[in-house]
Amino acid sequence: MQAPKTSAQAPRRTQAERRAETRAALLRAGAALFAAKGYADAGAEEIVAAAGVTRGALYHHFKDKADLFETIVEQAFADIVAEIDAAAASAPDAAAALRLGSLVWLRASQRKTRRRILLIDAPAVIGWAKWRALDSRYGMGSLREGLEAAARERAIRLADIEIAAHLLSGALNEAALLLAARARDKAFQRRLEASVNALLDCLLDAQRSGPKR
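Calculation rules
Along each chain, numbering runs from 1 in the same order as the chain's sequence is written. Since the coordinates come from a predicted model, pLDDT governs what is reported: local features require at least 70, and pairs of side-chain atoms require 80 or more to be given and counted, while whole-chain, interface and lining totals use all residues. Only hydrogens and water are set aside when side-chain values are computed; all heavy atoms of the structure are taken into account. Going along the chain from the N terminus, every DSSP run of H or I of four or more residues is numbered as a helix, and every run of E of two or more is numbered as a strand. The size measure is the radius of gyration over C-alpha atoms, and the globule rule it meets is 2.2 Å times the number of residues to the 0.38 power. In this scheme, a residue with accessible area under 20% of its type's maximum is buried, one over 50% is exposed, and one in between is partly exposed, where area comes from a 1.4 Å probe on protein chains only. Here, residues are in contact when the closest pair of their heavy atoms is within 4.5 Å. We get accessible surface area from the Shrake-Rupley algorithm with a probe of 1.4 Å; when it comes to residues, only the shown protein chains can shield them. His is not counted here, nor are the chain ends, while Lys and Arg score as positive and Asp and Glu score as negative. Taken as the charge location is NZ of Lys, CZ of Arg, CG of Asp or CD of Glu. Pairs were defined over the aromatic rings of Phe, Tyr and Trp, the Trp ring being its six-membered one, requiring ring centres within 6.5 Å. Orientation was assigned from the angle between planes: stacked under 30 degrees, edge-to-face over 60, tilted for the rest. Geometrically, a lysine NZ or arginine CZ counts as sitting over a ring once it is within 6 Å of the ring centre and also within 35 degrees of the ring normal. The nonpolar core is taken to be a set of buried Ala, Val, Leu, Ile, Met, Phe, Trp, Tyr and Cys residues, with the residues joined through side-chain atoms within 4.5 Å. Grid points spaced at 1 Å and placed over the protein atoms alone form the basis of the search, with a cavity being a set where a 1.4 Å probe fits but cannot get out and a pocket an open set showing protein on both sides within 12 Å along at least five of seven lines. Lining residues have an atom within 4 Å of a point. Grid points are joined across faces, edges and corners, and a volume is the space filled by probe spheres set on the points. The nonpolar class holds Ala, Val, Leu, Ile, Met, Phe, Trp, Tyr, Cys and Pro. Asp, Glu, Lys and Arg form the charged class, and all remaining residues, Gly among them, are polar. What counts as a salt bridge is simple: a side-chain nitrogen of Lys or Arg found within 4 Å of a carboxyl oxygen of Asp or Glu. We call two N or O atoms a polar contact when they sit within 3.5 Å, provided that within protein one can donate a hydrogen and the other can accept it, with sequence-adjacent residues counted only if both atoms are side-chain atoms. Lines are fitted to the C-alpha atoms to define the axes, a helix being fitted only along its stretch in contact, and any angle between axes, read from their N-to-C directions, falls within 0 to 180 degrees. In these notes the angle categories are as follows: under 35 degrees is roughly parallel, over 145 is roughly antiparallel, 65 to 115 is roughly perpendicular, and the rest is oblique. A clockwise turn of the near helix away from the far one marks a right-handed crossing, whereas an anticlockwise turn of less than a right angle marks a left-handed crossing. pLDDT runs from 0 to 100 and stands for how confident the predictor is about each residue.

What to know about the overall build of the protein chain
Piece 1. Looking only at helices and strands, the protein chain features 9 helices and 0 strands.
Piece 2. What you see for the protein chain is a C-alpha radius of gyration of 22 Å, clearly larger than the 17 Å of a compact globule of 213 residues, by over 25%.
Piece 3. Overall, the protein chain is about 90 × 45 × 30 Å in size when its C-alpha atoms are taken along their principal axes.
Piece 4. The 213 residues of the protein chain split such that 39% are buried.
Piece 5. Nonlocal contacts in the protein chain, meaning residues at least 24 apart in sequence, comprise 67% of its contacts between residues at least 6 apart.
Piece 6. Counting every atom, the protein chain has about 12600 Å² of accessible surface; 54% of that belongs to carbon and sulfur.
Piece 7. Seen as two clouds, the 33 positive and the 25 negative side-chain charges of the protein chain have centres 3 Å apart.

Some points on the packing of aromatic side chains
Piece 1. Applying the stated criterion across every chain yields a total of 7 aromatic pairs.
Piece 2. A centroid spacing of 5.4 Å and a plane angle of 70 degrees characterise the contact between Trp-128 and Trp-131, whose relative ring orientation is edge-to-face. Of the two residues, Trp-128 and Trp-131 both sit in helix H7 (residues 128–152), 3 residues apart, roughly one turn of that helix.
Piece 3. Through pairs of rings, three or more aromatic residues link up here, namely Phe-77, Trp-105, Trp-128, Trp-131 and Tyr-138.
Piece 4. Here the guanidinium or amino end of Lys-65 rests over the ring plane of Tyr-39, the centre of that ring lying 4.1 Å away.
Piece 5. The aromatic ring of Phe-188 is capped on one face by Arg-182, whose charged end is 4.0 Å from the ring centroid.

Describing the nonpolar core
Piece 1. Counting 60 residues, the largest nonpolar core has Phe-34, Val-73, Trp-105, Leu-106 and Leu-118 as its most contacted members.
Piece 2. Those elements giving two or more residues to this core turn out to be helix H1 (15–37), helix H2 (44–51), helix H4 (65–89), helix H5 (94–109), helix H6 (115–125), H7, helix H8 (161–181) and helix H9 (186–209).
Piece 3. Not counting chain neighbours up to four residues away, the residues in contact with Leu-106 comprise Leu-172, Ala-175, Ala-176, Leu-179, Leu-192, Glu-193 and Val-196.

Examining the layout of surface pockets
Piece 1. In this structure, the largest pocket occupies an estimated 320 Å³ of space.
Piece 2. Lining the largest pocket are 23 residues, and of these Ile-84, Gly-101, Gly-139, Ser-142 and Leu-143 sit closest to its centre.
Piece 3. Looking at the lining of the largest pocket, the elements that each hand over two or more residues are H4, H5, H7 and H8.
Piece 4. Considered class by class, the residues forming the lining of the largest pocket number 13 nonpolar, 7 polar and 3 charged.

A few points about the environment of Val-73
Piece 1. Residue placement: Val-73 occurs in helix H4.
Piece 2. Assessed through its relative accessible area of 0%, Val-73 is described here as buried.
Piece 3. Distance from Val-73 to Leu-134, taken between C-alpha atoms, is 8.6 Å for residues 61 residues apart in sequence.

So, the pattern of salt bridges
Piece 1. If you walk through the whole model with that rule in mind, you get 10 salt bridges.
Piece 2. Between Glu-46 and Lys-37 there is a salt bridge, and its shortest N-O distance comes to 3.0 Å.
Piece 3. Each of the salt bridges in this network shares a partner with another, and the network as a whole consists of Glu-83, Arg-111 and Arg-114.

Regarding the side chain of Ser-102
Piece 1. By the element assignment, Ser-102 lies in helix H5.
Piece 2. Polar side-chain contacts of Ser-102 include one of 2.9 Å to the backbone oxygen of Leu-98.
Piece 3. The contacts of Ser-102, once residues within four sequence positions are left out, are Leu-172 and Leu-200.

A word on the packing of H4 against H7
Packed helix pairs are characterised by how far apart their axes lie and by the angle those axes make with each other.
Piece 1. Orientation of H4 relative to H7, taken along the N-to-C sense of each, is 15 degrees, at an axis distance of 9 Å. Classified by the interaxial angle, the pair formed by H4 and H7 is roughly parallel. The way H4 lies across H7 gives a crossing that is right-handed. Seen from H4, the contacting residues are Glu-70, Val-73, Glu-74, Phe-77, Ala-78, Val-81, Ile-84 and Asp-85; seen from H7, they are Lys-130, Trp-131, Leu-134, Asp-135, Arg-137, Tyr-138, Gly-139 and Ser-142.
Piece 2. Each residue belonging to the contact of H4 with H7 can be placed in one class, and the counts come to 8 nonpolar, 2 polar and 6 charged.

A few points about the confidence of the model for the protein chain
Any residue range with low pLDDT should be treated as having predicted coordinates unsuitable for detailed reading.
Piece 1. Mean pLDDT over the protein chain stands at 89; residues scoring 70 or higher make up 91%.
Piece 2. Model confidence for the protein chain, summarised as mean pLDDT per element, is weakest for H9 at 83 and strongest for H2 at 97.
Piece 3. Low pLDDT, under 50, characterises residues 209–213; the predicted model gives this stretch 2 contacts beyond four residues in sequence or across chains.

Given below as structure tokens:
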């Protein structure tokens, strides 16, 4: 007669669950090592050891270390957009949401777990073309939605939202790169955020003041 299961016995994981856990472990280990050591100095052997898996598991889930890195870069973009959306949801109006989202991008991109990966190594490792494509898919998409919402509420006046999204995205990306180069300078961070707020004030004030008749 088969002994009944006890509460201490854990249910058996399915093959799909084991694959998902292995992939997640590789992503966590890779992100931690890339952030701490940089792409060049984080070796594949070190990553699989930190993840507690075999080298074969790495190549089962990713083509190579570069593919793992690119996946981590994309996840970083997606996570930041999720933070922007969460912050914007608490804003009282579209203008405030646009301002909050812009500052969230600056602050979230500077976290130690992201700064080196997203702003320092990624442009060189995956190339500017791929970096810009990811930024367009995630960051600029969110920014475009914010500008469209502000325009619908008549909080901002723009001749072309698509062009404005590219221009503002360029300014915010340059601000993020400036911060990454002076990560420990808190006074500079405050000055830069004040400048970003002033830029957004100019966009929003242009609608409030309106054209002179």
